[in-house]
Amino acid sequence: MQLAGEKKEGNSWHRFGRLRVCFRGAEMVVSGSPNGSQPTSQPAKKYGITKPISVAGPTEADLQRNIELEKFLIDSGLYESKEEGARREEVLGRIDQVVKGWVKLLTRQRGYTDQMVEDANAVIITFGSYRLGVHGPGADIDTLCVGPSYVNREEDFFIVLHNILSEMEEVTELQPVPDAHVPVMKFKFQGISIDLLYASISLLVVPEDLDIANGSVLYDVDEQTVRSLNGCRVADQILKLVPNVEHFRTTLRCLKFWAKRRGVYSNVTGFLGGVNWALLVARVCQLYPSAIPSMLVSRFFRVYTQWRWPNPVMLCSIEENELGFPVWDPRRNPRDRFHHMPIITPAYPCMNSSYNVSISTLRVMMEQFNHANRITEDIELNKAQWSCLFEPYRFFEAYKNYLQVDIIAADAVDLLTWKGWVESRLRQLTLKIERDTNGMLQCHPYPHEYADTSKPCPNFAFFLGLQRKEGVRGQEGQQFDIRGTVDEFRQEINMYMFWKPGMDIYVSHVRRKQLPAFLFPDGHKRSRMLRHVSLDAEKSCEEASGFQSGSAEKNAKRKADSETMDLKSTRPEKQAFISPQPPESASPESCASRSGITSHTSFNDRVIVESLTMVDRDSSSEMRSSGHLDSEKCTLANDVEMVNTMHESINLEEQASVSEHSLPGVGNKVKLLDLVEKPYYQMESVASCAVACSEFKGTNQIGLNGEDLLFVDTMSVKGIMNVCTNQAPAHGTSIAR
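The structure displayed is predicted, hence computed values, not measured ones.

### Overview of the packing of aromatic side chains
Okay, step 1: For the structure shown, the criterion picks out 34 aromatic pairs.
Okay, step 2: A ring pair is formed by W277 and F369, whose centres lie 6.1 Å apart and whose planes are at 80°; its orientation type is edge-to-face. Of the two residues, W277 sits in helix α8 (residues 274-287) while F369 sits in helix α10 (residues 359-380), which places them 92 residues apart along the sequence.
Okay, step 3: With a centroid separation of 5.9 Å and 40° between ring planes, the pair formed by F396 and Y402 is classed as tilted.
Okay, step 4: The exposure class assigned to Y402 is buried, which follows from its relative accessible area of 0%.
Okay, step 5: Members of the aromatic cluster, connected to one another through ring pairs, are W258, W277, F300, F301, Y304, W307, W309 and F369.

### So, the sheet that holds strand β7 (residues 171-177)
Okay, step 1: Taken together, the five strands give an open sheet; going across it, the order is β5-β6-β9-β8-β7, and neighbouring strands pair in mixed fashion. Looking at which strands have only one partner, the edges of the open sheet turn out to be β5 (123-127) and β7. Neighbouring strand axes in the sheet, compared pairwise and without regard to direction, differ in orientation by 25° on average.
Okay, step 2: Sheet analysis places β7 next to strand β8 (residues 184-189), joined by five bridges and oriented antiparallel.

### Quick notes on the pairing of strand β11 (residues 441-445)
Okay, step 1: Across the five residues of β11, five count as buried, placing the element largely inside the fold.
Okay, step 2: Neither face of β11 is left uncovered, since the one carrying L441, C443 and P445 and the one carrying Q442 and H444 both have all their residues buried.
Okay, step 3: The pairing of β11 with strand β12 (residues 459-468) spans five bridges and is classified as antiparallel. Residue C443 lies in a different strand from β12, and its bridge partner there is L466.

### Considering the pairing of strand β9 (residues 192-200)
Okay, step 1: The element β9 is extensively covered by neighbouring structure, given that eight of its nine residues are classed as buried.
Okay, step 2: As paired strands, strand β6 (residues 141-147) and β9 are joined by seven bridges and run parallel to one another. Opposite I141, over in β9, you have I194 as the bridge partner.
Okay, step 3: Linking β8 to β9, which pair antiparallel, is a turn of two residues; within it Q190 sits at a positive phi near 55°.

### Thoughts on α10
Okay, step 1: For α10, which comprises 22 residues, the first-to-last C-alpha distance of 31 Å matches the rise-based estimate of 32 Å (1.5 Å per residue) to within 8%.
Okay, step 2: For α10, a buried count of 21 out of 22 residues is recorded, marking the element as mostly surrounded by other parts of the structure.
Okay, step 3: N382 occupies a position one or two residues after α10 and carries a positive phi of about 60°.

### A few points about the packing of helix α7 (residues 245-261) against α8
Okay, step 1: Contact geometry of α7 with α8 gives a least axis separation of 10 Å together with a crossing angle of 135°. The pairing of α7 with α8 is recorded here as oblique in orientation. In this structure, α7 meets α8 at a crossing whose hand is right-handed. Seen from α7, the contacting residues are F248, T251, L252, L255, K256, W258 and A259; seen from α8, they are W277, A278, V281, A282 and C285.
Okay, step 2: Partitioning the contact of α7 with α8 into residue classes produces 10 nonpolar, one polar and one charged.

### Brief notes about the nonpolar core
Okay, step 1: Counting residues in hydrophobic clusters, the biggest one holds 64 residues, and the most contacted among them are F248 and W258.
Okay, step 2: For this core, the secondary structure elements donating two or more residues are α1 (60-75), α6 (223-241), α7, α8, α9 (293-304), α10 and α11 (386-389).
Okay, step 3: With residues up to four places along the chain from it excluded, the contact list for F248 reads L132, I238, L239, V242, A278, V281, A282 and C285.

### Let's talk about the side chain of D414
Okay, step 1: Of note, D414 is situated in helix α12 (residues 412-436).
Okay, step 2: Engagement of the side chain of D414 in a polar contact is seen with the side chain of K500, the distance being 3.3 Å.
Okay, step 3: With sequence-adjacent residues up to four places away left out, D414 is seen in contact with A409, K500 and M503.

### Quick notes on the environment of Y265
Okay, step 1: As for its placement among the helices and strands, Y265 is situated in the loop between α7 and α8.
Okay, step 2: In the structure, Y265 is positioned 100 residues away from M365 in sequence and 9.7 Å away in space, judged by C-alpha atoms.
Okay, step 3: Excluding residues that lie within four positions of it along the chain, Y265 makes contacts with K256, A259, K260, F271, L272, G273, G274, W277 and P447.
Okay, step 4: A polar contact is formed between the side chain of Y265 and the backbone nitrogen of G274, at a distance of 3.4 Å.

### Thoughts on the packing of α12 against helix α13 (residues 483-493)
Okay, step 1: In contact at an axis separation of 9 Å, α12 and α13 are set at 150° when each is read in the N-to-C sense. Compared by their axis directions, α12 and α13 come out roughly antiparallel. Of the two possible hands of crossing, α12 and α13 adopt the one that is right-handed. Only T485, E488, F489, E492 and I493 of α13 make contact with α12, whose side of the interface consists of W418, W421, V422, R425, L426, L429, K432, I433, R435 and D436.
Okay, step 2: Of the residues in the contact of α12 with α13, the class split is eight nonpolar, one polar and six charged.

### Re the pattern of salt bridges
Okay, step 1: In total, this model carries 30 salt bridges according to the counting rule given.
Okay, step 2: Among the salt bridges present, the one from E223 reaches R227, with a minimum N-O distance of 4.0 Å. Taken together, the positions of E223 and R227, both in helix α6 and four residues apart, correspond to about one turn of that helix.
Okay, step 3: In this structure, D329 engages R331 in a salt bridge whose closest nitrogen and oxygen atoms are separated by 2.9 Å.
Okay, step 4: One salt-bridge network, in which partners are shared between bridges, spans K432, R435, D436, E488 and E492.

### With respect to the sheet that holds β12
Okay, step 1: Strand order in the open sheet made by the four strands is β11-β12-β10-β14, with antiparallel pairing throughout. The open sheet terminates on both sides in strands that have one partner only, identified here as β11 and β14 (504-511). Averaged over all pairs of adjacent strands, the angle between their axes in this sheet comes to 25°, without regard to strand direction.
Okay, step 2: Both strand β10 (residues 401-408) and β14 contribute to a ladder of eight bridges, which runs antiparallel. Each residue of the ladder has a partner; that of D406, found in β14, is Y506.
Okay, step 3: Against the sheet, α12 touches β10, β11, β12 and β14, its axis set at about 150° to β10.

Analysis parameters
Residues numbered from 1 in each chain as written. Predicted model: local features only at pLDDT ≥ 70, side-chain atom pairs only at ≥ 80, totals over all residues. Heavy atoms only, no water. Phe/Tyr/Trp six-rings, centres within 6.5 Å; stacked < 30°, edge-to-face > 60°. Helix = DSSP H or I, 4+ residues; strand = E, 2+ residues; numbered from the N terminus. Buried < 20%, exposed > 50% of the residue type's maximum accessible area, 1.4 Å probe, protein only. Pairing = 2+ DSSP bridges. Axes fitted to C-alpha atoms, helices over the stretch in contact; angles between N-to-C directions. Expected span 1.5 Å × (residues − 1). Parallel < 35°, antiparallel > 145°, perpendicular 65-115°, else oblique. Left-handed = near helix turned anticlockwise from the far one by under 90°. Contact = heavy atoms within 4.5 Å. Nonpolar A, V, L, I, M, F, W, Y, C, P; charged D, E, K, R; others polar. Core = buried A, V, L, I, M, F, W, Y, C linked by side-chain atoms within 4.5 Å. Polar contact = N/O pair within 3.5 Å; in protein donor to acceptor, adjacent residues only side chain to side chain. Salt bridge = Lys/Arg side-chain N within 4 Å of Asp/Glu carboxyl O.

Structure follows, in structure tokens:
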């Protein structure tokens, strides 16, 4: 039916009375209104690969909660002072001078002309939290040094520049990590922590105004250089792709603080690092473009508690480039099929920034997301305060069994270097244990290190929580034997190319009541087992708001568990000691031995871990429709339905067939429709614990005993003390070589 009016060809303008409409493909732009007033409606701007879930703005209650949130962040000391900001700029300027002098020195040594020496240059570019504007007091500065083509990373950066920095009084705690996925040199410059990367680009002279966003910087460089350059390129893209930069920054600052308090902030350990959290927050900002930080925090947990991993989180479409670098594409790259929590970077070449995430760490993060989602729901219903969300996670009360990884070195300088290497490989221990126990034994690596100041040698200790896979009962007499797994891990660690006498590593199984005293500086150990997500903190928050949780039945059960533990604590414990030092071990003064296999002791304890439960969607929607939440109609159930619909075509757990047009945001050149065959995406499969194409030995597994969980001890804590104090093993120890 043809309506009377005016039509202008080209852009397809139509006038109906006083209403002018321009049809541009599927979009409709209204440029007038029937009464001649200003335009009354425009389509919501699209951020990212899909339309927003909601464009609703804040209510008065949201604004008030936002004021309270920002006040909490300020009171928590998350913002640096102007003086510290000025010091950071001064340090960056000083480092810039150092690298410029370093490049000129190398140019002269290589016999270039005086003019080339004068023109030789390197530039310092920041990235990470500093470039995004969300760094706090004492935070490190991620920096990239871009140098000319004739200055390499292996010798010039990690040897020549390293030696220059080591001779400077301002530089302390210098720690090179050349074997990392992104090679880095860590140090403190005038007390400010610096992570320095290096990229050699295909230019003889690096211009001072180098445009890092220009794709030409990627020409004729290796993949390590691409990864180094992409930190800066990704940070710039993130800031361009979010609707409101200030809202993004406040929300990200809040979520990073939460992640650190809850023990899920560490890329190297298998959780998420700064860029991962930035990408997750940026995506939520795209889905709720009109939301303010207090709204975005709750929407963050609302979305990601229901996200169907391994569906990827993407801020923009994935496209290829004529440069030919590999991008994240499970169709072509077999290793991409094993990623559990893909969070894709927005700058070419698009990569998965969260490749370190394992089944275990994803499980821990999902538990924490669910925990936080319940609290933010209570905050929106005025049942809780923001402080409840940031209650610290009590890791050492959450499990009954732990692995303790102790590292020692001859001096503090060697210890920092040794720590960087061990920490970068610690994730492999988690994967190996899951592999060798068929996923039945779950590990929770804790991203913090601890030092025992009572020992005479420099040391650090890392801890992993251990538990049987939830919902699975063991068989009669079954137990886990991880001696071979630990031995394999230690052998890989001892292949460190910069190993020095005195560097050593020890792994021991400890029960919760045997945890060393240096973990509790206040001298206080709680005696009863708590839920996996520190429900005591949750309960205290609810009580502070006038609500009570739990039941008499639960309290009786906890009391019974506590009594059971008290009875078991009276049992005599077997002790295990390390083997004597071999002839090639370091001297007693170095406080180390190069050996590592020890005797073992089996522990039989009942593991009681209560799992998180998902929030009931119907009840959640019913709560939010009661008027306590904002006026938007996007309740939790609707949000979940929208997110799942957007990514249904790449639901890798249920994927059978996918239509091309149903996948949003994927460029024409790289479509994730026929990603991979279904068998690759069994989330609980053993194969998904390992890197593709790896060859592993057979599993060494002995049975379980009902609900009893048994471990084979690989080294005792007292054995570590014997090494540091040069004491002989006690009588009756069983030595395993």
